[in-house]
Amino acid sequence: MQADDNAPADSACTGGLPSAALGGPVSHAVSRVARLHRITAGRMLKGLGLYPGQEFLMMHLWDTGAVRQADLIKAMDLDPSTVTKMLQRLEQAGHVHRRPDPDDRRAVLVEATEKSCALRTEVRDAWSGLEDHTLAGLRPAERAELIRLLAKVEENLCHEAGDCPGG
């Protein structure tokens, strides 16, 4: 008897993968892990008064100093309206300050405030906790191997997306 390719797969035979993901079990696993990691990070950040993604914006400002809003939008690779909303919330919380660029009055400079220095420490601590939670049960050698493998995956994806650092 010939198997019908359109028939639903027996879940016991697919390892629990949706039938459409059978050709991409690693991609399916990466997607699931990324989703859960983002949810967990969001819970940790909520305690700091941040929404997911805002910590990346703040990390960028803490590391670069004042930057034009247009350059921040490019660096974040997000829709301008999304970055504007993030900045409005962060400004209301006292973590960022926007001002006209003295070299180009049409441009706006964004910078982290002194108040955000305490937030920087809290974000670092939250990310350390997230790291511990994420990698619980992995030996140091396994952690190093995971980092090495994820770097290879990231390189493959950034070349495909044309979005490699420095490229």
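Our subject is the structure that appears above.
Just so it is clear, the structure is predicted and the values come from calculations on it, not from any experiment.

**What about the overall build of the protein?**
Each helix and strand in the protein was counted, giving 7 helices and 3 strands. Beginning at the N terminus, the succession of helices and strands in the protein can be written as α-α-α-β-α-α-β-β-α-α. In the protein, which comprises 167 residues, the share counted as buried stands at 23%. Contacts in the protein between residues at least 24 apart in sequence constitute 48% of all its contacts with a sequence separation of at least 6. Accessible surface computed for the protein: about 11,800 Å², of which carbon and sulfur atoms make up 54%.

**Here we look at a nonpolar patch on the surface**
Where nonpolar side chains cluster on the molecular surface, the patch consists of L138, L146 and L150 and spans about 220 Å² of accessible area. Look at L138 and you get partly exposed, because its relative accessible area is 31%.

**Focus on the side chain of D101**
On the secondary structure map, D101 appears in strand β2 (residues 96-101). We classify D101 as buried; its relative accessible area is 4%. A polar side-chain atom of D101 sits 2.6 Å from a polar atom in the side chain of R68. For D101, the side chain forms a polar contact with the main-chain nitrogen of D103, separated by 2.8 Å.

**Details of the nonpolar core**
The nonpolar side chains of a soluble globular protein tend to be buried, and buried together. Of all hydrophobic cores here, the largest spans 18 residues; its most connected members are L57, M58, L61, L72, V83, L87 and V96. Elements with a contribution of two residues or more to this core: α3 (54-64), α4 (69-76), α5 (80-92) and α6 (116-134). Ignoring sequence-local partners within four residues, the contact set of L72 consists of L57, H60, L61, V67, V83, L87 and V110.

**Comments concerning α5**
With 13 residues, α5 extends 18 Å from end C-alpha to end C-alpha; this agrees with the ideal 18 Å at 1.5 Å per step. Listed in full, the buried residues belonging to α5 are V83, M86, L87 and L90. The buried side chains of α5 occupy one side of the element, clustering within an arc of 100° when seen end-on. Where the residues of α5 are buried, they touch α3, α4, β2 and β3 (104-112).

**Things to note about the packing of aromatic side chains**
Counted according to the given criterion, the structure contains 1 aromatic pair. Look at F56 and W127: their rings are 5.6 Å apart centre to centre, the planes differ by 75°, and that puts the pair in the edge-to-face class. Of this pair, F56 sits in helix α3 while W127 sits in helix α6, and the two are 71 residues apart along the sequence.

**Describing the packing of α3 against α6**
It is the contact of α3 with α6, at a shortest axis distance of 11 Å, that shows an interaxial angle of 120°. Here α3 is positioned oblique relative to α6, judged by the angle of their axes. Every pair of crossing elements has a handedness; the one defined by α3 and α6 is left-handed. Contacts from E55, F56, M58, M59, W62 and D63 in α3 reach S116, L119, R120, V123 and W127 in α6. For the contact of α3 with α6, the residue count by class is 7 nonpolar, 1 polar and 3 charged.

About the cut-offs
Residues numbered from 1 in each chain as written. Predicted model: local features only at pLDDT ≥ 70, side-chain atom pairs only at ≥ 80, totals over all residues. Heavy atoms only, no water. Helix = DSSP H or I, 4+ residues; strand = E, 2+ residues; numbered from the N terminus. Buried < 20%, exposed > 50% of the residue type's maximum accessible area, 1.4 Å probe, protein only. Contact = heavy atoms within 4.5 Å. Areas by Shrake-Rupley, 256 points an atom, 1.4 Å probe, with all protein chains shown as cover. Patch = residues over 30% accessible without salt bridge, like charges linked within 9 Å, V, L, I, M, F, W, Y side chains within 5 Å. Salt bridge = Lys/Arg side-chain N within 4 Å of Asp/Glu carboxyl O. Polar contact = N/O pair within 3.5 Å; in protein donor to acceptor, adjacent residues only side chain to side chain. Core = buried A, V, L, I, M, F, W, Y, C linked by side-chain atoms within 4.5 Å. Expected span 1.5 Å × (residues − 1). Arc of directions from axis to C-beta. Phe/Tyr/Trp six-rings, centres within 6.5 Å; stacked < 30°, edge-to-face > 60°. Axes fitted to C-alpha atoms, helices over the stretch in contact; angles between N-to-C directions. Parallel < 35°, antiparallel > 145°, perpendicular 65-115°, else oblique. Left-handed = near helix turned anticlockwise from the far one by under 90°. Nonpolar A, V, L, I, M, F, W, Y, C, P; charged D, E, K, R; others polar.

Bear in mind that shape data such as this cannot, by itself, settle questions of function.
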